[in-house]
Amino acid sequence: QVQLVESGGGLVQAGGSLRLSCTASGRGLSGFSMGWFRQAPGNEREFVAAITGTGGTTHYADPVKGRFALSRERNKNTVFLEMNSLKSEDTGVYYCAAATRQYYTLPQLSDYDYWGQGTQVTVSS
């Protein structure tokens with residue numbers, strides 16, 4: 001089992017930055033591909049970014065390309081989502097997820113085996 005805990009959310013003005021973290025307990029994240037998704041009120045959960053198990057490949061949704069950066073630390077038990085130039089439309093609950101298909105960047109919710117509880121990001125305009 002893998003338990004995921006997100007942190008780093010909060011309230012920020014448009015144009016600002018936040019850094020989200022996703023930390024694993026249990027067996028750790030080695031061997032898992034990781035993803036971030038977000039959900040705004042009244043909307044479906046949507047893909048934001050993904051990274052392979054080795055950290056060598058990342059993939060981003062078009063709305064965040066060039067503004068967000070996903071990375072994982074060397075021991076691979078924490079992943080980070082650096083969010084810059086934030087916009088009001090980035091507001092939502094951000095979830096991290098882990099998938100056992102470690103060699104792929106995975107944009108579909110159904111690809112993931114474990115989910116965190118989410119952290120709120122609010123961008124004021």
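Just above, that's the structure.
Note that this is a predicted model, so its numbers are computed, not measured.

> Help me understand the sheet that holds strand E8 (residues 78-83), please; the structure alone is not making it clear to me.
Strand pairing in a sheet is mediated by backbone hydrogen bonds. Such pairs are either parallel or antiparallel. Read from one edge to the other, the open sheet built from four strands follows the order E1-E3-E8-E7, with strand pairing classed as antiparallel. A single partner strand is all that each edge strand has here, and the edge strands are strand E1 (2-7) and strand E7 (68-72). Within the sheet, the average angular offset between the axes of one strand and its neighbour, ignoring direction, is 15 degrees. In this sheet, E8 lies alongside strand E3 (residues 18-26) in antiparallel orientation, the contact comprising six bridges. Bridging across to E8, Arg19 finds its partner in Glu82.

> For this particular structure, what's the right way to read the nonpolar core?
It is characteristic of soluble globular proteins that their nonpolar side chains tend to be buried jointly. In this structure, Leu4, Met34, Trp36, Leu81, Met83 and Tyr94 are the most contacted members of the largest nonpolar core, which totals 28 residues. Among the secondary structure elements, those contributing two or more residues to this core are E1, E3, strand E4 (33-39), strand E5 (46-51), E7, E8, strand E9 (92-99) and strand E11 (119-124). With four residues, the top contributor of residues to this core is E3. The contacts of Met83, once residues within four sequence positions are left out, are Gly16, Ser17, Leu18, Leu20, Arg67, Phe68, Tyr94 and Val121. Counting residues in hydrophobic clusters, the runner-up holds eight residues, among them Phe47, Ala61, Ala97 and Ala99.

Here is what the cut-offs are and how they apply
- Residues numbered from 1 in each chain as written.
- Predicted model: local features only at pLDDT ≥ 70, side-chain atom pairs only at ≥ 80, totals over all residues.
- Heavy atoms only, no water.
- Pairing = 2+ DSSP bridges.
- Helix = DSSP H or I, 4+ residues; strand = E, 2+ residues; numbered from the N terminus.
- Axes fitted to C-alpha atoms, helices over the stretch in contact; angles between N-to-C directions.
- Core = buried A, V, L, I, M, F, W, Y, C linked by side-chain atoms within 4.5 Å.
- Buried < 20%, exposed > 50% of the residue type's maximum accessible area, 1.4 Å probe, protein only.
- Contact = heavy atoms within 4.5 Å.

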